[in-house]
Amino acid sequence: MRTRSALAAAAAALAAATCLTPTTAAAAPRQPYAHAPAHACSPSVRIDGFSDALDKTTFQGAFVGNLSALAADEDGTVAALSDRSQLFSLDVRQKGRGTPSATPVRVVDLADEKGGPLDSEGLVVDRDGTRLVTSETEPSARRYTEDGKLLGRLPVPGALRVAPRGRAVSNQTFEGLTLQPGGRTLIASMEQSLTGDGPDAAGRPLVRLQSWQRHGRQEFALGPQYAYPLDKGLGVSEIAAAGDGRLLVLERGFTAGAGNTVRLYLADPRRASDVTAVTNLPGGAGTRPVGKRLLADLGACPSLGATARQPQRNPLLDNIEGLVVTKRSGGVLRLLLVSDDNQSPAQITRLYALTVHLPRP
């Protein structure tokens, strides 16, 4: 979701801010990260580097920004989704545990059934190479070919549709999308709660995760729905499969004058209740929400020399919306994150490289 209103007043004053340059991190020692305070964000997460090289650039006439999702493609590139109906392919390089670099090599336009634009937010590259893309205004989940041809759309429960057709708020619906290992379970995350869904016993808002399942070559059909407890003041900006049935969940918020809050959680839906039939969350005493565990508050990461174009508690942070796992080795994951600059002079398109050591289930 684009955080426009709180930034509009600050944009003009900050338009002359200087551009940033990539920073290279030194090689990381092995665990524990407590021995590497220069790059540790938490005992589980370290930041390896960042790059602003894509910021305010163009490729084949297209603005390279507004990036809301990342996905690994079969040809080794990273697909990067703009919420302005464009899909880029990025050649991403990273030498060791250092600064990521990305070069656009392709861009295609996306459209809905009437040829209109999308507020495209979630992205998965399916096992056949087609692209699954969510839009948060209806919401919808559509399938496209590699060159942007619309193939169809997945069913969406009525309650998740934007009011008055459903109980969702526009621009607060399908923000994240991921495909579990094996390719049979697709999961989309709502950014905020449905009208009528209350908090849990701890006062945390509950958002819904919608799954689809398929068998063989069939298209996805609606599957279980789960309740995820959200930190107060934040929204779910992205989810990614951890590789073992668990999910990485990116929660993000913005406060004018203080900047962004971005937290990375590990969530496990496997023991959660199916809440499809629960009209109003939290449901009864036997309704189990998704369990989650904080991996890192990214505001606690070292800034690595980054500067910001608006007030930030940590100048490394911006409006982080995209997350992809680029490498798995046992319980160690390499992540690439991207921020959505909303095509604003007060924000930055920034890539982040992280290493995560997953705790055992």
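Residues numbered from 1 in each chain as written. Predicted model: local features only at pLDDT ≥ 70, side-chain atom pairs only at ≥ 80, totals over all residues. Heavy atoms only, no water.

Asks: Explain the overall build of the chain to me, please; I cannot follow it from the model alone.
Replies: Within the chain, the secondary structure is distributed over 1 helix and 23 strands. Intrachain contacts of the chain at a sequence separation of at least 6 include 58% that bridge at least 24 residues. (Helix = DSSP H or I, 4+ residues; strand = E, 2+ residues; numbered from the N terminus. Contact = heavy atoms within 4.5 Å.)

Asks: Help me out: how do you make sense of the nonpolar core in this one?
Replies: Nonpolar side chains in soluble globular proteins generally cluster together in the buried interior. Leu248, Leu264, Leu298, Leu335 and Leu337 are the most contacted members of the largest nonpolar core, which has 29 residues in total. Elements supplying a minimum of two residues to this core: strand 2 (45-51), strand 18 (247-255), strand 19 (259-268), strand 20 (291-297), strand 21 (320-329), strand 22 (332-339) and strand 23 (351-357). (Core = buried A, V, L, I, M, F, W, Y, C linked by side-chain atoms within 4.5 Å. Buried < 20%, exposed > 50% of the residue type's maximum accessible area, 1.4 Å probe, protein only.)

Asks: Honestly, the state of the cysteines in this entry has me stumped. Any pointers?
Replies: Linking two cysteines covalently via their sulfur atoms produces the bond known as a disulfide. Inspection of every chain in the model, using the stated rule, returns 1 disulfide. Here cysteine 41 pairs with cysteine 301 through a disulfide, and the sulfurs are 2.0 Å apart. Across the S-S bond linking cysteine 41 and cysteine 301, the dihedral sits near 110 degrees, which makes this disulfide right-handed. Highlighted residues: cysteine 41 in the loop between strand 1 (23-24) and strand 2 and cysteine 301 in the loop between strand 20 and strand 21, separated in sequence by 260 residues. The same class applies to cysteine 41 as to cysteine 301, namely buried. (Disulfide = S-S within 2.5 Å.)

Asks: Explain the sheet that holds strand 10 (residues 131-135) here, please?
Replies: Hydrogen bonds between backbone groups are what pair the strands of a sheet, and the pairing can be parallel or antiparallel. One open sheet accounts for 4 strands, arranged 9-10-11-12; its pairing is antiparallel. The sheet is open, and its two borders are formed by strand 9 (120-125) and strand 12 (150-153), each paired with just one other strand. Taken over all neighbouring pairs, the strand axes of this sheet differ in orientation by 25 degrees on average, direction set aside. As paired elements, strand 11 (residues 140-144) and strand 12 share 3 bridges and run antiparallel to each other. The residue of strand 12 that forms the bridge with arginine 143 is glycine 152. (Pairing = 2+ DSSP bridges. Axes fitted to C-alpha atoms, helices over the stretch in contact; angles between N-to-C directions.)

Asks: What is the right way to read the side chain of arginine 161 from this model?
Replies: Within the fold, arginine 161 resides in the loop between strand 12 and strand 13 (174-179). Despite its burial, arginine 161 pairs with no opposite charge; the closest candidate is glutamate 138, at 7.2 Å N-O. (Lys, Arg positive; Asp, Glu negative; His and termini not counted. Salt bridge = Lys/Arg side-chain N within 4 Å of Asp/Glu carboxyl O.)

Asks: Teacher, can you tell me more about the packing of aromatic side chains here?
Replies: One pair of aromatic rings is described through two measures. These are the centre distance and the angle between the planes. Inspection of the entire model under this criterion finds 1 aromatic pair. Here phenylalanine 174 and tryptophan 212 contribute two aromatic rings whose centre-to-centre distance is 5.8 Å and whose plane-to-plane angle is 75 degrees, an arrangement assigned as edge-to-face. With phenylalanine 174 in strand 13 and tryptophan 212 in strand 15 (residues 206-213), this residue pair connects regions lying 38 residues apart in the sequence. Here tryptophan 212 falls in the buried class, since its relative accessible area comes to 0%. We note lysine 292 situated over the ring of tyrosine 265; from NZ or CZ to the ring centre the distance is 4.0 Å. (Phe/Tyr/Trp six-rings, centres within 6.5 Å; stacked < 30°, edge-to-face > 60°. Lys NZ or Arg CZ within 6 Å of the ring centre and 35° of its normal.)

Asks: I would appreciate a short explanation of the sheet that holds strand 16 (residues 221-229) in the present structure.
Replies: Taken in spatial order, the 4 strands line up as 13-14-15-16 in an open sheet, and their pairing is antiparallel. Either end of the sheet is taken by a strand with one partner, and the two such strands are strand 13 and strand 16. Taking the axes of each pair of neighbouring strands and ignoring which way they run, one obtains an average angle of 20 degrees across the sheet. Where strand 14 (residues 185-190) lies against strand 15, 5 bridges are found, and the strand directions are antiparallel. Bridged to threonine 185 within strand 15 is glutamine 213.

Asks: What's the story with the environment of threonine 145 in this structure? I'm lost.
Replies: By the secondary structure assignment, threonine 145 is in the loop between strand 11 and strand 12. Not counting the four nearest positions on each side in its chain, threonine 145 is found in contact with Arg131 and Leu151. Within the local environment of threonine 145, its side chain forms a polar contact with the side chain of aspartate 147, the two groups lying 2.3 Å apart. (Polar contact = N/O pair within 3.5 Å; in protein donor to acceptor, adjacent residues only side chain to side chain.)

Asks: Can you help me understand the pairing of strand 22 in this one?
Replies: As a general feature of sheets, a regular strand has side chains that alternate between the two faces. The element strand 22 is extensively covered by neighbouring structure, given that 7 of its 8 residues are classed as buried. Hairpin connection from strand 21 to strand 22: 2 residues lie between these consecutive antiparallel strands, with glycine 330 at a positive phi of about 65 degrees. One ladder, built from 7 bridges, connects strand 22 with strand 23; its direction is antiparallel. Bridge pairing links valine 332 to histidine 357 in strand 23.

Asks: Is there a simple way to explain the pairing of strand 13 in this structure?
Replies: Burial of strand 13 is extensive: 6 of the 6 residues sit out of reach of the surface. As defined by bridge partners, strand 13 adjoins strand 14 across 5 bridges and the pair is classed as antiparallel. Across the sheet, the residue bridging to glycine 176 is serine 189, located in strand 14. Between strand 13 and the antiparallel strand that follows it, strand 14, lie 5 residues; glycine 182 among them carries a positive phi value of about 95 degrees.

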